[in-house]
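# Summary of the model geometry
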Amino acid sequence: MGLTDFITQSPSAYHTSATVARTLTECGFAAQLELDPWDPSPGGHFVQRDGAIIAYRLPAKRVAEPRFRIIGTHTDSAGFKLKPNPQHYSAGWAQAGMEVYGSPAVHSWVDREFGLAGRVVSKTGEQRLISTEAWLRIPGLAPHLDPDLSLDRQRHLMPIYALADSLPLMQALAEGADLTPEDIVGHDLFAYITQPPELIGLDKTWLASGRLDNLVSVYTGMQALMEADPELGAIPVLACLDHEEVGSGSLSGAGGPFLEQVLARIELGLGLARDQVYRLRARSAAVSVDAGHAVHPNFADRHDPDARPLLGGGPMVKVNAGQRYVTDGVGVARWQGICDSLEVPVQTFVSNNAVSCGSTIGPLLAARLGIATLDVGIPVLSMHSARELCATADVDHLATALTGFLAQ
Ligand code: ZN
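What comes next is a walk through the structure. Not measured: the values here are computed from a predicted model.

Cut-offs used in this document
Residues numbered from 1 in each chain as written. Predicted model: local features only at pLDDT ≥ 70, side-chain atom pairs only at ≥ 80, totals over all residues. Heavy atoms only, no water. Buried < 20%, exposed > 50% of the residue type's maximum accessible area, 1.4 Å probe, protein only. Helix = DSSP H or I, 4+ residues; strand = E, 2+ residues; numbered from the N terminus. Phe/Tyr/Trp six-rings, centres within 6.5 Å; stacked < 30°, edge-to-face > 60°. Donors = N, O, S within 2.8 Å, 3.2 Å for Na, K, Ca; no water. Tetrahedral: all angles 85-135°; square planar, octahedral: opposite > 155°, others 65-115°. Axes fitted to C-alpha atoms, helices over the stretch in contact; angles between N-to-C directions. Parallel < 35°, antiparallel > 145°, perpendicular 65-115°, else oblique. Left-handed = near helix turned anticlockwise from the far one by under 90°. Contact = heavy atoms within 4.5 Å. Nonpolar A, V, L, I, M, F, W, Y, C, P; charged D, E, K, R; others polar. Salt bridge = Lys/Arg side-chain N within 4 Å of Asp/Glu carboxyl O.

## Details of helix α3 (residues 169–176)
Inspection of α3 places Leu169, Ala172, Leu173 and Ala174 among the buried residues, and these make up the whole buried set. Immediately downstream of α3, the backbone of aspartate 178 shows phi near 60 degrees, a positive value.

Here it is as structure tokens:
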């Protein structure tokens, strides 16, 4: 599956988890349910938890000194989440109440078509993934009516979906999924841009799309995992975790115990004593893969004057003295070595001191697991926009570099 198909088939974190599971199943990976006894047999396995999925490959031969090579990413994207009782009417319009999820560039969502995607949950706890067509749009205000408008996040961002005499939203969602409104007791539904990804620019080498942050990382991580050879001594692990855009503190986020629990069960499955577990972790390494900022031509002063990542210049290694990114000198050398050996160009990201730095799951992986971690990712222009921009060359280079990381 190509990247654009992957993005199209993954409109929400729940769908992303399902897309990864489906793709890996086709490659012979087996589903491991958390409720079931652990299956330590050789080959590919994956565990799903809500909008997250962790996949790994176990070797057929017993390795004397096993180690983990972990790729960590996130499945969620900044945007909007449907409120529990979303029905709203105003001035003859039917609208959907939505919470702001993470830090979307809200202006970029105005006058764009979007659908709802995620899961609905019945009274019995049965979950079903649904996604709608382009039902919704946040209507912009003509400049004549308020030339100095600044958008209020409660009053000005509520999308319309019909006129007030139309079907209530929950009823429309239920009918679209062949359910009754009573069937839908709970839901986790997110806005997703329905405009398909498109190659743009003079040379058609840039990809414009929603959710590049962070589906590019999930996609390239999945490619690397499928190519990895667990017989070389490293146990390759791909951890696609949820809720990064809101701080990762959840059952399925990097701040939660999901990854740690899966690693512990792999270690138990290998029959390792406690000291062997600590030695395994000391031999292990993780890479946190997340989109980073390309230099912006109109706001170049927001970047460090000597770190100017460009689209197509190669994946970035991200450094921050305050440990918002945890790559240290050893990590930089490790990443540079992998990339040099595979002829992958490297760019460095470090913040302008006067501009606040973003963060990602790298610090959480390092702090929770006690495993050396580095932060990397492709440069993206317009991060957290409804329509982000990256270079396809960087996607290919990232997949190559991650394959090299898993083979170390
Ligand atoms: Zn991200």
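## Some words on the packing of aromatic side chains
Overall, the coordinates contain 6 aromatic pairs when judged by the stated rule. Centroid distance tyrosine 101 to phenylalanine 190: 5.1 Å. Interplanar angle 80 degrees. Geometry classified as edge-to-face. Remark: phenylalanine 190 occurs in strand β11 (residues 186–193) and tyrosine 101 occurs in strand β6 (residues 93–101); sequence separation between them is 89 residues. Like tyrosine 101, the residue phenylalanine 190 is buried in the burial classification.

## A few points about the coordination of the zinc ion
The reference angle at a metal is 109.5 degrees if four donors form a tetrahedron and 90 or 180 degrees if six donors form an octahedron. In the first shell of the zinc ion, the protein supplies His74 (NE2), Asp213 (OD), Asp290 (OD) and Asp290 (OD), at 2.0 to 2.7 Å from the metal. Taken together, the 4 donor atoms surrounding the zinc ion define angles of 53 to 147 degrees at the centre, an arrangement classified as irregular. Along the chain, the residues that donate to the zinc ion are spaced as H-x138-D-x76-D. Of this pair, aspartate 213 sits in helix α4 (residues 212–227) while aspartate 290 sits in the loop between β15 (285–289) and β16 (292–293), placing them 77 residues apart in sequence. For the pair formed by aspartate 213 and aspartate 290, the shared burial category is buried.

## Regarding the packing of helix α5 (residues 258–269) against helix α8 (residues 362–369)
What describes two packed helices is the angle between their axes and the distance between those same axes. In contact at an axis separation of 10 Å, α5 and α8 are set at 45 degrees when each is read in the N-to-C sense. For the element pair α5 / α8, the angle class is oblique. By crossing handedness, the relation of α5 to α8 is classed as right-handed. In contact with Leu259, Glu260 and Leu263 of α5, α8 contributes Leu365, Arg368 and Leu369. Residue classes in the contact of α5 with α8 are distributed as 4 nonpolar, no polar and 2 charged.

## Here's the deal with the pattern of salt bridges
Using the criterion set out here, one finds 11 salt bridges in the structure. Residue arginine 119 is joined to aspartate 50 by a salt bridge in which the shortest nitrogen-to-oxygen separation is 2.9 Å. Here arginine 119, found in strand β7 (residues 113–121), pairs with aspartate 50, found in the loop between β2 (43–49) and β3 (52–58); they are 69 residues apart in sequence, far enough to count as distant. A relative accessible area of 11% means that arginine 119 is categorised as buried. A residue is classified by how much of its surface remains accessible, and aspartate 50, at 31% relative accessible area, is partly exposed. Where aspartate 188 meets arginine 119, a salt bridge forms, and the shortest distance between an N and an O atom there is 2.8 Å. Remark: arginine 119 occurs in strand β7 and aspartate 188 occurs in strand β11; sequence separation between them is 69 residues. With respect to class, aspartate 188 is no different from arginine 119; both count as buried. It is possible to trace a salt-bridge network through shared partners that takes in Asp50, Lys81, Arg119 and Asp188.

These results come straight from atomic positions and should not be treated as a statement about function.
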